[in-house]
Amino acid sequence: MPGEILAFVPQSPAIIVDGTLGEAGHSALFHAQFPGAKILGLDRDPEMLERIRARSEDFSWIELHRKPYRLAPEALGGRHADFILLDLGVSMFHFKGAGRGFSYQDESLDMRLDPDLPLTAADILNRKTERELKLIFQEYGEERFAGRIARVIFEKRPVHSARQLAKLILDAVPGKGKAGIHPATRVFQALRIAVNRELEEIESSIPHLAEVLAPHGRLAIISFHSLEDRCVKHGFRALGRERFKILTPKPILPSAEEIARNPASRSAKLRVIEKLPDTDR
């Protein structure tokens, strides 16, 4: 959603924070549009930062930080941002090339975006009780067959690979699941969220990120499923009762052209909030 995002960037921004750097697509877009802006790129995955450094293009214009976006205030070091963007979830690289268990064919079952996190997906699957697994699949994956899947995993564990997990889920789910959606999709989502504490990150980060905005600075967040969007909506609503203005009463959705060009964007929702100066309160 490049056009929609750029439309919300304030005029002549001095500092832009890309809180989920990934392949630096958004940062490159900001640099091209606002060459005078200082751009900070944050990512908690060291492999993503190394991929940026290894590319042939000159990335001297970006200030790289290995940090989760909740630590953007620390990266700013007392500075204030005119625009902060969070593009939630994981990149296509993680699904297709990371080999950490995000793909159903991976031999690993790690799913950590930050290698310093304490638990892998395999740790969760092999240590939690059947009831705890069921609750994870229900709460973070909204999985209809959470109990059935948890029981099969509990009985068949240890589970050591994404390939093995996907097969166990296929064996546990009656039929072939919803048309076009792999039966393991929701469980893999739930595990990824649990491993990386993604919802807690969103909830705890929003007020801190909003505070480091400059007057009329804006925080934009792209979410990709209902749990993420709910956190963003509630976080923005709480700020909207104070000194912030919600610029998107309803989330902005990708256009048909965008979905045709980038099918992965079909479930994206963009929400934006603006910090008001004291005189506008």
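Reading guide: rules and limits
Residues numbered from 1 in each chain as written. Predicted model: local features only at pLDDT ≥ 70, side-chain atom pairs only at ≥ 80, totals over all residues. Heavy atoms only, no water. Helix = DSSP H or I, 4+ residues; strand = E, 2+ residues; numbered from the N terminus. Rg over C-alpha atoms; globule rule 2.2 N^0.38 Å. Buried < 20%, exposed > 50% of the residue type's maximum accessible area, 1.4 Å probe, protein only. Contact = heavy atoms within 4.5 Å. Areas by Shrake-Rupley, 256 points an atom, 1.4 Å probe, with all protein chains shown as cover. Expected span 1.5 Å × (residues − 1). Bend = angle between axes of the 7 residues up to and from the residue. Lys, Arg positive; Asp, Glu negative; His and termini not counted. Salt bridge = Lys/Arg side-chain N within 4 Å of Asp/Glu carboxyl O. Polar contact = N/O pair within 3.5 Å; in protein donor to acceptor, adjacent residues only side chain to side chain. Pairing = 2+ DSSP bridges. Axes fitted to C-alpha atoms, helices over the stretch in contact; angles between N-to-C directions. Parallel < 35°, antiparallel > 145°, perpendicular 65-115°, else oblique. Left-handed = near helix turned anticlockwise from the far one by under 90°. Nonpolar A, V, L, I, M, F, W, Y, C, P; charged D, E, K, R; others polar.

Caption draft 1: View of the overall build of the protein chain. Helix and strand counts for the protein chain stand at 13 helices and seven strands. Over its C-alpha trace the protein chain gives a radius of gyration of 20 Å, about what one expects of a compact globule, namely 19 Å for 281 residues. Taken over the C-alpha atoms alone, the protein chain extends approximately 60 × 45 × 40 Å along its principal axes. The 281 residues of the protein chain split such that 53% are buried. In the protein chain, the proportion of contacts linking residues at least 24 apart, taken out of those at least 6 apart, comes to 69%. Surface summary for the protein chain: the accessible area is close to 13600 Å², and the carbon and sulfur share equals 51%.

Caption draft 2: The arrangement of helix H11 (residues 198-211) in detail. Taking 1.5 Å of rise per residue, 14 residues should cover 20 Å, and H11 covers 20 Å from first to last C-alpha, within 8% of that figure. Within H11, the axis deviates most sharply at Ser 205, by approximately 40°, and proline Pro 207 lies no more than four positions further along. Within the span of H11, buried status applies to Glu 198, Leu 199, Glu 201, Ile 202, Ser 205, Ile 206, Leu 209 and Ala 210.

Caption draft 3: Region of the structure containing the side chain of Asp 43. Here Asp 43 is to be found in the loop between strand E2 (38-42) and helix H3 (46-54). The charged side chain of Asp 43 is buried without a salt bridge, its nearest counter-charge being Arg 44 at 6.5 Å. At 2.9 Å, the side chain of Asp 43 forms a polar contact with the backbone nitrogen of Gly 22. The contacts of Asp 43, once residues within four sequence positions are left out, are Thr 20, Leu 21, Gly 22, Met 48, Leu 49, His 65, Arg 66 and Lys 67.

Caption draft 4: A look at the sheet that holds E2. One open sheet holds the seven strands; their spatial order is E3-E2-E1-E4-E5-E7-E6, and the pairing between them is mixed. Each end of this open sheet is capped by a strand with a single partner; those strands are strand E3 (62-65) and strand E6 (244-246). Shown here is a sheet whose adjacent strand axes are inclined to one another by a mean of 20°, direction ignored. Pairing geometry for strand E1 (residues 15-18) and strand E4 (residues 81-87), over three bridges, is parallel. Within E4, the residue paired with Asp 18 across the bridge is Leu 85. Contacts from helix H2 (residues 25-33) reach E1, E2, E3, E4 and strand E5 (213-223), with the element oriented near 150° to E4.

Caption draft 5: Structural view of the pairing of E5. Counting buried positions over the eleven residues of E5 gives nine, a clear majority of the element. With six bridges joining them, E4 and E5 adopt parallel strand pairing. Directly across from Leu 85, in E5, lies its bridge partner Ala 220. Taken together, the six bridges between E5 and strand E7 (residues 269-275) define a ladder with antiparallel strand orientation. Across the sheet, Leu 219 pairs through a bridge with Ile 273, a residue of E7.

Caption draft 6: Up close: the pattern of salt bridges. The final tally for this structure, using the stated rule, is 24 salt bridges. The salt bridge involving Glu 50 is made with Arg 53; its shortest N-O contact spans 2.9 Å. Of this pair, Glu 50 and Arg 53 both sit in helix H3, three residues apart, which is roughly one turn of the helix. With a shortest N-O distance of 2.6 Å, Arg 70 and Glu 201 are connected by a salt bridge. Of this pair, Arg 70 sits in the loop between E3 and helix H4 (72-76) while Glu 201 is found in helix H11, placing the two residues 131 residues apart along the sequence. Residue Arg 70 is classed as partly exposed on the basis of its relative accessible area, which comes to 36%. Among the residues examined, Glu 201 registers a relative accessible area of 10% and is labelled buried. One connected set of salt bridges, linked through shared partners, spans Glu 23, Arg 51, Arg 55 and Glu 57.

Caption draft 7: The arrangement of the packing of helix H7 (residues 130-141) against helix H8 (residues 146-156) in detail. Between H7 and H8, the least distance of the axes is 8 Å, while the angle of their chain directions is 140°. By the angle class used here, H7 and H8 are oblique. Taken as a pair, H7 and H8 cross one another with a handedness that is right-handed. Between H7, through Glu 130, Leu 133, Lys 134, Phe 137 and Gln 138, and H8, the contact on the second element is made entirely by Ala 146, Gly 147, Ile 149, Ala 150, Arg 151, Ile 153 and Phe 154. Split into classes, the residues belonging to the contact of H7 with H8 amount to seven nonpolar, two polar and three charged.

Caption draft 8: Highlighting the environment of Ala 210. For Ala 210, the position within the fold is in helix H11. Separated by 129 residues in the primary sequence, Ala 210 and Ala 81 have C-alpha atoms spaced 9.4 Å apart. Setting aside residues up to four positions removed in sequence, Ala 210 forms contacts with Leu 219, Leu 239, Phe 244 and Lys 275.

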